[in-house]
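Observations on the model geometry
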Amino acid sequence: AQRVTQPEKLLSVFKGAPVELKCNYSYSGSPELFWYVQYSRQRLQLLLRHISRESIKGFTADLNKGETSFHLKKPFAQEEDSAMYYCALGLSSNTGKLIFGQGTTLQVKP
Amino acid sequence: DAGITQSPRHKVTETGTPVTLRCHQTENHRYMYWYRQDPGHGLRLIHYSYGVKDTDKGEVSDGYSVSRSKTEDFLLTLESATSSQTSVYFCAISGMDRTYGYTFGSGTRLTVV
C-alpha cells in the first residue's frame, strides 16, 4: 500500500541550527515527491518538488530510492521557518492524487 | 491570487444538518480534490474529480458526497453533519502535469456542534 511517514510530530531547534525533517514513503511505482509548508493558519504552499532539484528558502531535499526517503534539510534554521511541513507522494496514475504524511511542526527558537 | 477560492471560510453547524462547501477555480485545471486536515492525521483525501461529472472516492469518503457540474466548481456536501466531521477542509487543484503538484485553497474551518 502507498504510504508516507513523517516520524516526528514536532521538531524544535534553535535559530542557526541545522534542520532535517524526515520523510519515508512506501510505493512500488515510480514516485513523485513533494514538500509542502503551511504557515500559521494559512493555505498549504508547495515548497519543493523532487523532480526540479531546486533549493527554496534554503531548503533542499534529495530523493533516495534505495532508502525510500525524501528528507528535507536546511543548514541554518531561521525563526520564519517555523511552520507545519508535509511530505507528499504522487502516484504514477492519471488521477494526480497525492498522499500526504501526518506532518511535522518545526519550531525554531530564538 | 492563487486562482482557487473556498467558501465559506468558517462555518458552525448543528449535528444532523446538511452542509455544502464550495471550491471555485479560475485556472481551468482538470483535477480537483477535497481533503480534510486533522491533528495527527495530516491531510486525508475525501473525494476527487478528474473532469466534469467525473468523480471518485478517496480514503475517507463516508458521509460525504461531491458534485462537479462545471470545470470551475467542485462542491463537497455533508449530507448529515456529525461531530466527527469537525475539521478544516482544503480544496486543491492540479493541472495535466502532475509534477507541479497542487495549488491549495485557503481552507474552510467547519465546526459541528
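In case you missed it, the structure is sitting above this.
Residues numbered from 1 in each chain as written. Chains lettered and ligands numbered in written order. Predicted model: local features only at pLDDT ≥ 70, side-chain atom pairs only at ≥ 80, totals over all residues. Heavy atoms only, no water.

1. Remarks on the interface of chain A and chain B
Each partner contributes to the interface: chain A provides 23 residues, whereas chain B provides 23 residues. Together, the buried faces of chain A and chain B total about 2100 Å²; carbon and sulfur atoms form 51% of this surface. When the buried area of chain A at its contact with chain B is split by residue, Arg 43, Leu 44 and Phe 100 of chain A rank highest and sum to 28% of it. Taken together, the connections running from chain A to chain B amount to zero salt bridges. Where chain A meets chain B, there are seven residue pairs in polar contact (both at pLDDT 80 or more). Examining the composition of the side of chain A that touches chain B, we find that four residues originate from one element, strand β5 (residues 32-38) of chain A, more than from any other. Of the residues in the side of chain A that touches chain B, the class split is nine nonpolar, nine polar and five charged. (Contact = heavy atoms within 4.5 Å. Buried area = accessible area lost by both parts, 1.4 Å probe. Salt bridge = Lys/Arg side-chain N within 4 Å of Asp/Glu carboxyl O. Polar contact = N/O pair within 3.5 Å; in protein donor to acceptor, adjacent residues only side chain to side chain. Helix = DSSP H or I, 4+ residues; strand = E, 2+ residues; numbered from the N terminus. Nonpolar A, V, L, I, M, F, W, Y, C, P; charged D, E, K, R; others polar.)

2. A closer look at the pairing of strand β11 (residues 108-112) of chain B
Residues and elements named next belong to chain B. Burial along β11 is one-sided: Thr 108, Leu 110 and Val 112 are buried, and none of Arg 109 and Thr 111, which face the opposite way, are. Examined bridge by bridge, strand β2 (residues 10-13) and β11 share four bridges and lie parallel to one another. Among the inter-strand pairings, Val 12 is bridged to a residue of β11, identified as Thr 111. Of the strand pairs in this sheet, strand β9 (residues 87-94) and β11 are connected by three bridges, and their pairing is antiparallel. (Buried < 20%, exposed > 50% of the residue type's maximum accessible area, 1.4 Å probe, protein only. Pairing = 2+ DSSP bridges.)

3. Section: the sheet that holds strand β7 (residues 64-70) of chain B
Residue and element names in this part refer to chain B. Spatially, four strands are ordered β1-β3-β8-β7 in an open sheet, and the strand pairing comes out antiparallel. Each end of this open sheet is capped by a strand with a single partner; those strands are β1 (4-7) and β7. Here the average twist between neighbouring strands, direction ignored, is 20°. One ladder, built from four bridges, connects β1 with strand β3 (residues 19-25); its direction is antiparallel. Counted as the bridge partner of Thr 5 is His 24 from β3. (Axes fitted to C-alpha atoms, helices over the stretch in contact; angles between N-to-C directions.)

4. Looking at the state of the cysteines
Summed over the entire model, instances satisfying the criterion amount to two disulfides over all chains. At a sulfur-sulfur separation of 2.0 Å, the disulfide partner of Cys 23 of chain A is Cys 87 of chain A. On the sign convention where negative is left-handed, the bridge of Cys 23 of chain A and Cys 87 of chain A, at about -65° about the S-S bond, is left-handed. Of this pair, Cys 23 of chain A sits in the loop between β3 (19-21) and β4 (24-26) while Cys 87 of chain A sits in strand β9 (residues 83-90); the two residues are 64 residues apart in sequence, bridging distant segments of the chain. When its relative accessible area of 0% is taken as the criterion, Cys 23 of chain A is described as buried. In this model, Cys 23 of chain B is linked to Cys 91 of chain B through a disulfide, with the two sulfur atoms separated by 1.9 Å. Between Cys 23 of chain B and Cys 91 of chain B, the S-S dihedral sits near -75°, and the bridge is therefore left-handed. Here Cys 91 of chain B lies in strand β9 and Cys 23 of chain B lies in strand β3, a separation of 68 residues in the sequence. (Disulfide = S-S within 2.5 Å.)

5. Digging into the side chain of His 47 of chain B
Residue and element names in this part refer to chain B. Residue position: His 47 is located in strand β5 (residues 42-51). Assessed through its relative accessible area of 6%, His 47 is described here as buried. Side-chain polar atoms of His 47 contact the backbone oxygen of Tyr 64, separated by 3.1 Å. Apart from residues lying up to four places away in sequence, His 47 is in contact with Tyr 33, Trp 34, Asp 56, Lys 57, Gly 58, Ser 61, Tyr 64, Ser 65, Val 66 and Phe 74.

6. Thoughts on the sheet that holds β3 of chain A
Residue and element names in this part refer to chain A. Across the sheet, which stays open at both edges, the three strands sit in the order β3-β8-β7 with antiparallel pairing between neighbours. Strand pairing shows two members of the sheet lacking a second neighbour, β3 and β7 (60-61), which therefore form its edges. Sheet analysis places β3 next to strand β8 (residues 72-74), joined by three bridges and oriented antiparallel. Residue pairing across strands places Leu 21 opposite Leu 72, the latter belonging to β8.

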